[in-house]
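Breakdown of the fold
Residues per chain are reported as follows:
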Amino acid sequence: MLRLEMPPLVVVTSREPYVDERTKHGIRTIQKAGGVVSALDPLMQQLGGHWVAWGSGSGDRETCQDGSRMVPAKNPRYRLHRLFLDPEEVQGFYASYSNQGLWPLCHLLIERAQFSEDAYLQYRRVNQRFARLTAERAPKDAWVFSHDYQLSLLPGMLRALRPDLTLAHFWHIPWPPRRVWQLVPQHRQLLEGLLGADVLGFQTAADAEQFMGAAATLPGASADPVQGIVHWRGRRVRVQAFPISVDFRGIQALVQSVRVARFAHRIRRWLDRRGQKLVIAVERADYTKGCLQRLKGWEIFMRRHPEWRHQVTFLQVVVPTRMEVPEYRQLFSHLEARSAAFNRQWARPGRPPLITIPHEVDRARLMGLFRAADVAIIQSLFDGMNLVAKEFVASQVDHRGVLLLSRTAGAAEALKEALPIHPLDPEGAAESLYQALTMPKEERAERLRVMQRYLAEHDLEGWIEDILAALYDVSLSRDARIVAP
Ligand code: GDG
């Protein structure tokens, strides 16, 4: 692999990696859960550089000087620049256009998608503000790595302001078929914005192909799917799948550290003493993650397999998310009600069969829970990749657990030894759960070994190296200061 003496790197995301919240006891810094941030923070800690994001915390202004601060606080490694949004901008850009429009549409839940001209105007305005702040703060000739559906106009706007920058944009969620994409009233503007990048990354080859299909409909654009190039306004935009992954070795080291190993062993001892198996699910409380469908599968399992009723503890970590959006608040209260009903129905003396953690868990503990678990269930209706699936596999150093993985998660393309589940078939999911719980030890271990070999070769570092290598190719033609080893 190339070792690059790289130009400075600037990451741009809508949500920030560290949020400062005002509390009774002063300011508390919180590290946010979420796929994008979990993937990029370790990288930035390693490389240093700049990160531009919306400063959404109540204490964010206080901890900044000139709109920025170094993070993480204990061991400052890179500079976080915060863009402060007013409530109307948050509503239009974030809650409405991004999360009630683009998010459901790209996950093919088109009846949920809502678009309005007002929300689009806020979306455009906020993208413009992100572009200006990035243009102001990015060092000369920097590489900018921006992210996701909230910032699709950014690459085009940034290119106009700072032609010296080399731009990569990664789309973390699925790219829908062309006719679905065209339901976005401003689909052309968004495509033109994205095509401002030099490199456009997607989770799967199918996403990249569908994007090229959509891009080719722009007047004057042409796509070469074999080369993975879109020709647009005299430029070549490289379009490619870069399946995101996890820090495989980092997770393996973490779960074998004294503290986390002890935590996992404690849980294991507790389970073993009671003859219990641990079935775990971890997700943001988002309707695309199939939380309610998953609960339905668990109910069917309890009905169909009475012999297991007293031998399984279900644990769900459901992290509240996007609570500014009414659908998310509703989903969260449904989840709470359904979980309580589950426990009422299947109550057993002394202990509920279902434990719910309705908030974020510290990452080390989360990985410890993964290590201790017998089964993990990912029942996403549709998912760009799903990092939880890969984290679970990475954390299984005792080669015990079985992964049940939705066929429609991007991760299913690589993790073929998982038991596939159809997210809309709770009966099938219940049977797969039974199969997982009764699977012989050797088979469980063998399946995990195959998946772990894959992750060892395709880890987070590889993901970023591939994207940087693509940027390197682009910048060769721009006379960047790059030295091969
Ligand atoms: C988007 C795409 C794509 C969850 N709960 C806690 C916690 N998490 C961490 C997990 C994982 C991340 O959040 C969730 O990642 P996912 O990939 O499952 O999902 P999205 O947030 O929807 O991410 C997705 C991803 O972007 C990356 O490209 O895979 O398809 O939708 O890392 O571990 N972390 C901690 N406590 C929790 O309670 N510390």
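Located above this text is the structure these notes cover.
Residues numbered from 1 in each chain as written. Predicted model: local features only at pLDDT ≥ 70, side-chain atom pairs only at ≥ 80, totals over all residues. Heavy atoms only, no water.

Thoughts on the overall build of the chain
Helix and strand content of the chain: 16 helices and 18 strands. Relative to the compact-globule value of 23 Å for 485 residues, the chain shows a C-alpha radius of gyration of 23 Å, a close match. Along the first, second and third principal axes, the C-alpha atoms of the chain reach 65 × 50 × 45 Å. A buried classification covers 57% of the 485 residues belonging to the chain. Looking at the chain alone, contacts between residues at least 24 apart form 75% of all its contacts between residues at least 6 apart. Summed over its atoms, the accessible surface of the chain is roughly 20,400 Å², and 50% of this surface lies on carbon and sulfur atoms. Across the chain, 64 positive and 53 negative side-chain charges occur, with their mean positions spaced 5 Å apart. (Helix = DSSP H or I, 4+ residues; strand = E, 2+ residues; numbered from the N terminus. Rg over C-alpha atoms; globule rule 2.2 N^0.38 Å. Buried < 20%, exposed > 50% of the residue type's maximum accessible area, 1.4 Å probe, protein only. Contact = heavy atoms within 4.5 Å. Areas by Shrake-Rupley, 256 points an atom, 1.4 Å probe, with all protein chains shown as cover. Lys, Arg positive; Asp, Glu negative; His and termini not counted. Charge placed at Lys NZ, Arg CZ, Asp CG, Glu CD.)

Quick look at the site of the ligand
Taken together, 24 residues are adjacent to the ligand, and His172, Val361, Asp383, Leu387 and Glu391 come closest. Note that an oxygen atom of the ligand is positioned 2.6 Å from one of the side-chain N or O atoms of glutamate 391. Against a free-state accessible area of 740 Å², the protein chains account for coverage of 95% of the ligand. Every element with two or more residues in the shell around the ligand is listed here: helix H1 (35–47), strand E13 (277–284), strand E14 (312–319), helix H12 (363–372) and helix H13 (387–395). For the shell around the ligand, the element with the highest residue contribution is H13, accounting for three residues. Structurally, the shell around the ligand is a two-domain feature, drawing no fewer than three residues from each of domain 1 (3–244 + 461–477) and domain 2 (248–457). (Near = heavy atom within 4 Å. Polar contact = N/O pair within 3.5 Å; in protein donor to acceptor, adjacent residues only side chain to side chain. Domains from an automatic or database assignment.)

Considerations on a positive patch on the surface
A contiguous patch of positive charge, built from Arg259, Arg262, Arg266, Arg269, Arg273, Arg274 and Arg365, is present on the exposed surface. Here the element with the most residues in the positive patch is helix H9 (residues 258–273); it accounts for five residues. With respect to the secondary-structure elements, arginine 262 resides in helix H9. (Patch = residues over 30% accessible without salt bridge, like charges linked within 9 Å, V, L, I, M, F, W, Y side chains within 5 Å. Salt bridge = Lys/Arg side-chain N within 4 Å of Asp/Glu carboxyl O.)

Observations regarding the environment of leucine 460
Inspection of the secondary structure puts leucine 460 in helix H16 (residues 460–476). For the pair leucine 460 and proline 76, spaced 384 residues apart in sequence, the C-alpha to C-alpha distance is 21 Å. Excluding residues within four positions of it along the chain, leucine 460 makes contact with Ala39, Pro42, Ser245, Val246 and Asp247.

Notes on the nonpolar core
Counting residues in each nonpolar core, the largest one holds 72 residues, and the members touching the most others are Trp51, Phe145, Leu403, Leu405, Leu415 and Trp463. Top contributing element to this core by residue count: H16, with nine residues. Looking at which domains feed residues into this core, each of domain 1 (3–244 + 461–477) and domain 2 (248–457) supplies at least three. Apart from residues no more than four positions distant in its own chain, phenylalanine 145 is found in contact with Leu9, Val10, Val11, Val12, Leu40, Ala168, Phe170, Trp463, Ile464 and Ile467. (Core = buried A, V, L, I, M, F, W, Y, C linked by side-chain atoms within 4.5 Å.)

Some details on the packing of aromatic side chains
To describe a pair of aromatic rings, you give the distance between the ring centres and the angle between the ring planes. Tallied over the full model, the rule gives 23 aromatic pairs. An angle of 55° between the planes, with centres 5.5 Å apart, marks the rings of tyrosine 97 and tyrosine 120 as tilted. Placement of tyrosine 97 in helix H2 (residues 87–106) and of tyrosine 120 in helix H3 (residues 117–137) is noted, with a sequence separation of 23 residues between them. Judged by its relative accessible area of 0%, tyrosine 97 is buried. Taken together, Trp54, Phe93, Tyr94, Tyr97, Phe115, Tyr120, Tyr123 and Phe130 form an aromatic cluster joined through their ring pairs. In this arrangement the basic side chain of arginine 61 is found over the ring face of phenylalanine 84, its NZ or CZ atom lying 4.2 Å from the centre. The ring of tryptophan 103 has arginine 322 sitting right over it, with the charged end atom 4.1 Å from the ring centre. (Phe/Tyr/Trp six-rings, centres within 6.5 Å; stacked < 30°, edge-to-face > 60°. Lys NZ or Arg CZ within 6 Å of the ring centre and 35° of its normal.)

Points about the packing of H12 against H13
Interaxial distance between H12 and H13 falls to 8 Å at its minimum, and their mutual angle equals 70°. Judged by the angle between their axes, H12 and H13 are roughly perpendicular. The handedness of the crossing between H12 and H13 is right-handed. When H12 is examined against H13, the residues Arg363, Met367, Phe370 and Arg371 are found in contact with a partner set consisting of Val388, Glu391, Phe392 and Ser395. Of the residues contributing to the contact of H12 with H13, the split by class is four nonpolar, one polar and three charged. (Axes fitted to C-alpha atoms, helices over the stretch in contact; angles between N-to-C directions. Parallel < 35°, antiparallel > 145°, perpendicular 65-115°, else oblique. Left-handed = near helix turned anticlockwise from the far one by under 90°. Nonpolar A, V, L, I, M, F, W, Y, C, P; charged D, E, K, R; others polar.)

What about helix H4 (residues 154–161)?
Regarding H4, the residues found buried are Leu154, Pro155, Met157, Leu158 and Arg159. On its buried side, H4 packs onto strand E1 (9–12), H3, strand E7 (143–147), strand E8 (166–170), helix H6 (187–194) and strand E12 (235–241).

Details of the pattern of salt bridges
Within the structure shown, the criterion is met by 26 salt bridges. With a shortest N-O distance of 2.9 Å, aspartate 198 and arginine 159 are connected by a salt bridge. Pair noted here: aspartate 198 is in the loop between H6 and strand E9 (199–202) and arginine 159 is in helix H4, with a separation of 39 residues, a long-range link. By the burial criterion, aspartate 198 is buried, and arginine 159 matches it. Residues arginine 249 and aspartate 459 are paired through a salt bridge, measuring 3.1 Å at the closest nitrogen-oxygen approach. Placement of the pair is arginine 249 in helix H8 (residues 248–256) and aspartate 459 in the loop between helix H15 (441–457) and H16, with a sequence separation of 210 residues.

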